[in-house]
Amino acid sequence: MCGVFGVWAPGEDVAKLTYFGLYALQHRGQESAGIAVSNGRQILVYKDMGLVSQVFDESTLESLKGHVAIGHSRYSTTGASTWHNAQPTFHPTVDGSIALAHNGNLINTGDLAKMVDDLGEFEGQLELHVKLPSVSTNDTSVVTSLLAHHAGQTVEDRAVELLPRVHGAYSFVFMDENTLYAARDPQGIRPLVLGRLDRGWVVASEDAALATIGASVVREIEPGELIVINEDGLRSRHFAPSVVKSCVFEYVYLARPDATVGGRNVHEARVEMGRRLAREFPVDADLVMPVPESGTPAATGYAEESGIPFGQGFVKNSYVGRTFIQPSQTLRQLGIRLKLNALEHMIRGRRIVVVDDSIVRGNTQRAQVRMLREAGATEVHVRISSPPVKWPCFYGIDFATRAELIANGLDIEEIRSSIGADSLGYISLEGMIESTGQPTGSLCAACFTGDYPIPLPDESQLGKHLLETSLRTDTLPVFNNP
Ligand code: SF4
């Protein structure tokens, strides 16, 4: 996950545009937020732990003046959820500095970190700067360090040389003092769109962020494409051939329903998933209700197709983050209780179909079924608009380890029994994929199938705390100095 945003717009308040853009992308990451701004002479970075609205206030934004900015809202996948790992990352270069924001997750972070080590002459540059006692331990900082090493090259040429060696999922937005850059991995795992302002250009994880700031959508940035924007205009370069494998989970859960991904409106895709689910797993019931908010479009589709009335049976506290985004199990369990309340007058004495987008560990659904029974439901039928999640994601979603995934050890009847439902139905893989309207073979569905489109390295290269557990953390020439 993570939300990334970038704007190049002389004469505009780029920090505020970035703030509102990040606000629209808050659902993609809620652990920390940051904005980097350049006035043409220097880059300033302000970042902190928390939601976008907690990190920034009017006076902070007022202090961030310039014509180019990038922003980030973080959901951690490599590197702990700490201030040092908040983004944008920042790094000095021989002739200035760069800042970078990343949505995705890399799978050769260890190799890239070794490349940083091998840059012997790099240490000479670092002597010019104060080294902070703590270092970042995220995959993003390693790429920032490598990009910063561009002696004798432009940042653009360095990016074109480096990006083919970066493996995994990345939608990068980065900047130097005068130029905005955006790049998407050759598989296009995570989304990234280009937009136009009257007086500039914008890039963002989702087009909803463009609408928020009044920018028009130009197009999606292509897999394997680098975009460069400065006073000379916009240039596009392809740094690697594309083999499109976009994340199907963006359609199921991750993206906002008002986003368009791969030319398909996400809300429409979710409604279609609900319709197909109703055909694949019909049931006699009195009420179809969603798990708000992400289950709502699929529940409307299920109700439409089945003819069973649709209604709200849960009230959601919108100010509590998505449960699986929160980094610890303890917080996750607390989140379940904080998040939902059952509407007893809608539920008592009724046979309920409750529609959700996915089951990861099963804790959430078990709590919800219990809540519905306590509110008086006579039957609870659970319908899920994605197939069983059996495999971890290494491309930017910190679902769980394989052992924690309920569908890894249990079959569907055992999962039904474990969550306490009267029946359980998951949409088929084909049904989910067809609902997205994407060409066959152009989606990653590895968390359902185990078929990873970017070959995984051995386990020693993977893991959220790769750079924290290795001996490298005290030697990495990486620092974030806002
Ligand atoms: S493994 Fe699943 S969540 Fe991860 S990129 Fe592929 S489809 Fe998306």
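Scroll up a little and you will see the structure.
The model shown is predicted, which means the values in this text are computed figures rather than measured ones.

The rules behind these values
Within any chain, residue numbers begin from 1 and follow the written order of that chain's sequence. Two thresholds apply to this predicted model, a pLDDT of at least 70 for residue-level local features and 80 or more for giving and counting side-chain atom pairs, whereas whole-chain, interface and lining totals are computed over all residues. Side-chain numbers come from the whole structure's heavy atoms, not from hydrogens or water. The helix and strand labels rest on DSSP assignments: H or I over at least four residues marks a helix, E over at least two residues marks a strand, and numbering proceeds from the N terminus. Shrake-Rupley sampling with a 1.4 Å probe provides the accessible areas, and residues are treated as covered by the protein chains on show and by no other component. Strands qualify as paired when DSSP identifies two bridges or more between them. Axis definition: a line fit to C-alpha positions, over the contact stretch in the case of helices; interaxial angles, taken between N-to-C directions, run 0 to 180 degrees. Should any heavy atoms of two residues lie within 4.5 Å, those residues are counted as being in contact. For the purposes of this section, nonpolar cores are sets of buried Ala, Val, Leu, Ile, Met, Phe, Trp, Tyr and Cys residues that join through side-chain atoms within 4.5 Å. Each residue gets one of three labels from its accessible area relative to the maximum for its type: buried under 20%, exposed over 50%, partly exposed in between, using a 1.4 Å probe on protein chains only. As annotated, the domain borders come from an automatic or database domain assignment. When we say a residue is near a molecule or strand, we mean one of its heavy atoms is within 4 Å of it. Nonpolar residues are Ala, Val, Leu, Ile, Met, Phe, Trp, Tyr, Cys and Pro. Charged residues are Asp, Glu, Lys and Arg, and all others, Gly as well, are polar.

### Quick look at the overall build of the chain
Okay, step 1: Summing up its helical and strand segments, the chain has 19 helices and 23 strands in all.
Okay, step 2: Put simply, the chain shows about 17,900 Å² of open surface, and 51% of that area lies on carbon and sulfur atoms.

### Remarks on the sheet that holds strand S10 (residues 200-204)
Okay, step 1: Spatially, seven strands are ordered S3-S2-S4-S1-S10-S9-S11 in an open sheet, and the strand pairing comes out antiparallel. Each edge of the open sheet is held by one strand with a lone partner, namely strand S3 (43-49) and strand S11 (216-220). For this sheet, the mean inter-axis angle between neighbouring strands, taken without regard to orientation, is 15 degrees.
Okay, step 2: Note that strand S1 (residues 3-8) and S10 share four bridges and pair antiparallel. Following the sheet pairing, Gly6 is matched in S10 by Val203.

### Topic: the sheet that holds strand S20 (residues 351-356)
Sheet strands associate in pairs through backbone hydrogen bonding, adopting either a parallel or an antiparallel arrangement.
Okay, step 1: Read across the sheet, four strands follow the order S17-S20-S21-S22 without closing on themselves; strand pairing throughout is parallel. Every interior strand has two partners, whereas the edge strands, strand S17 (287-290) and strand S22 (423-426), have only one. Strand-to-strand twist across the sheet, computed as the mean angle between neighbouring axes with direction ignored, equals 20 degrees.
Okay, step 2: With four bridges joining them, strand S21 (residues 379-384) and S22 adopt parallel strand pairing. Residue pairing for S22: Val382 is matched across the bridge by Leu424.
Okay, step 3: Contacting S17, S20 and S21, helix H14 (residues 363-374) crosses the sheet at an angle of about 150 degrees to S21.

### Considering the side chain of Thr436
Okay, step 1: By the element assignment, Thr436 lies in helix H17 (residues 429-436).
Okay, step 2: Not counting residues within four places of it along the chain, the set of residues in contact with Thr436 comprises Val248, Tyr251, Arg264, Ala269, Met273 and Leu443.

### Things to note about the nonpolar core
Okay, step 1: Counting 48 residues, the largest nonpolar core has Phe249, Val288, Tyr302, Val355, Tyr395, Phe399 and Phe448 as the members making the most contacts within it.
Okay, step 2: Taken together, the elements giving at least two residues each to this core come down to helix H9 (249-254), helix H10 (266-280), helix H11 (296-306), S20, strand S23 (443-444) and helix H18 (446-449).
Okay, step 3: A domain-level breakdown of this core finds at least three residues from each of domain 1 (3-245 + 466-474) and domain 2 (267-436).
Okay, step 4: When residues no more than four places from it in sequence are discounted, the contact partners of Tyr395 are Gly104, Asn105, Ile107, Ala169, Ile189, Arg190, Cys444, Tyr452, Pro453, Ile454 and Leu456.

### Concerning the environment of Val244
Okay, step 1: Here Val244 shows up in the loop between strand S13 (233-238) and strand S14 (246-247).
Okay, step 2: Under the relative-accessibility criterion, Val244 is labelled partly exposed at 34%.
Okay, step 3: For Val244 and Pro439, which are 195 residues apart along the polypeptide, the C-alpha to C-alpha distance reads 9.9 Å.
Okay, step 4: In this structure Val244 touches Pro186, Gln187, Pro223, Gly441, Ser442 and Leu443, once residues within four positions along its chain are discounted.

### Notes on the site of the ligand
Okay, step 1: Around the ligand, the surrounding shell holds 13 residues, and the nearest of these are Arg190, Cys247, Cys393, Cys444 and Cys447.
Okay, step 2: By residue class, the composition of the shell around the ligand is twelve nonpolar, no polar and one charged.

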